[in-house]
Amino acid sequence: MPEQPFEQDRAIAGTGMGGAMDLAASEAQTLERTPGGPLGTGPSEKPRSLWSDAWRDLRRNPVFIVSALVILFLVVISLWPSLIASGSPLKCDLAKSQDGPGPGAPFGYDGQGCNVYTRTVYGARTSVTVGVCATVGVALLGSVLGGLAGFFGGFWDSVLSRITDIFFAIPVVLGGLVLLSVVTSNTVWPVIGFMVLLGWPQISRIARGSVITAKQNDYVQAARSLGASNSRILLRHIAPNAVAPVIVVATIALGTYIALEATLSYLGVGLKPPSVSWGIDISAASPYIRNAPHALLWPSGALALTVLAFIMLGDAVRDALDPKLR
């Protein structure tokens, strides 16, 4: 049979069902250029990274959106509390002791006649500062120690493992009562230092395991065979692929550190007056909870909402970064 002349304006494409359909030449070319098209000759779509996939999932997660908005609000009032609260949190009037809500004091007054609303707003600064600084310190120290131990292994890995076991055996609250009871400073830094001292072993262990898993991948072996230095392998190839579990645990732990600061301040070994802290206000309002429950309700509610927001954020980040949940 003689060959049929090819028509420039038409092309034939199989339907995959034993038949054929007519397509214009421009349409056939479009299919060829389309990623994953039926002809299979087009360029494949650029693969997305773990971080881009995680960000796409987070934007669609209502839990992440709500918790992020709450945390953003807390950060704003921590930096600029005067935006929503006027007056000083240290200004008190004993004549208004345990009074209920009134003009200028929607949350009422505490036992010392201080404005509960103003103290609750200013207390967010202390909690957010302690939580963020403690989390950054714990994440940096734990990641460095755990990452180096997991990468080099051997003697130093064994030493670090035994040290972390010792720190894990120390009860956190009891350790705070012992260590902070001898501190006379009235700033947040002793509390932050204590949290970093007892918090790094958890992050260290997670970073160590993540690095051990990442360094066994083929791309690490290929980089090593090409003569890459240990520092380049660790920073360029292992760290970006091992940091996700650390971020998840650190995000969840941030809310825990805020609750720990309030607990230590409640027990009298954390922050002390005249510092403004939710833990201090809760401790001061506890004796007269029957006469003035509002003085205890509002700082306790602010603390619970803050901790819940950070834990919800950590759960959302964990779901987005865990490939097993996809």
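Look up a bit, the structure's there.
An account of the accompanying structure is given in this report.

What counts, and at which threshold
- Residues numbered from 1 in each chain as written.
- Predicted model: local features only at pLDDT ≥ 70, side-chain atom pairs only at ≥ 80, totals over all residues.
- Heavy atoms only, no water.
- Helix = DSSP H or I, 4+ residues; strand = E, 2+ residues; numbered from the N terminus.
- Buried < 20%, exposed > 50% of the residue type's maximum accessible area, 1.4 Å probe, protein only.
- Contact = heavy atoms within 4.5 Å.
- Areas by Shrake-Rupley, 256 points an atom, 1.4 Å probe, with all protein chains shown as cover.
- 1 Å grid on protein atoms, 1.4 Å probe; cavity = no way out; pocket = protein on both sides within 12 Å on 5 of 7 lines; lining within 4 Å.
- Points joined across faces, edges and corners; volume = space filled by probe spheres on them.
- Nonpolar A, V, L, I, M, F, W, Y, C, P; charged D, E, K, R; others polar.
- Phe/Tyr/Trp six-rings, centres within 6.5 Å; stacked < 30°, edge-to-face > 60°.

Before going further, it helps to spend a moment on the overall build of the protein. Helices and strands together make up the secondary structure of the protein, namely twelve helices and two strands. Traced from its N-terminal end to its C-terminal end, the protein shows the element sequence β-β-α-α-α-α-α-α-α-α-α-α-α-α. Looking at the protein as a whole, 40% of its 326 residues are labelled buried. A separation of at least 24 residues holds for 65% of the contacts in the protein among residues at least 6 apart in sequence. Looking at the protein as shown, the accessible area adds up to about 18500 Å², and 65% of this sits on carbon and sulfur atoms.

With that out of the way, let us pick up empty space enclosed by the protein. Take a probe with the size of a water molecule and roll it over the atoms, and the empty space left behind shows itself. Summed over all chains, the structure comprises one cavity of 30 Å³ or more. Lining the largest cavity are Leu180, Val183, Ser185, Thr187, Pro190, Val191, Val269, Gly270, Leu271 and Lys272. Its residues assigned to classes, the lining of the largest cavity shows six nonpolar, three polar and one charged.

Let's shift gears to the packing of aromatic side chains. By the definition in use, this model includes six aromatic pairs. With a centroid separation of 5.1 Å and 80 degrees between ring planes, the pair formed by Phe107 and Tyr117 is classed as edge-to-face. Remark: Tyr117 occurs in helix H4 (residues 116–152) and Phe107 occurs in the loop between helix H3 (62–79) and H4; sequence separation between them is ten residues. Judged by its relative accessible area of 16%, Phe107 falls in the buried class. Here Phe107 and Trp298 contribute two aromatic rings whose centre-to-centre distance is 3.8 Å and whose plane-to-plane angle is 0 degrees, an arrangement assigned as stacked.

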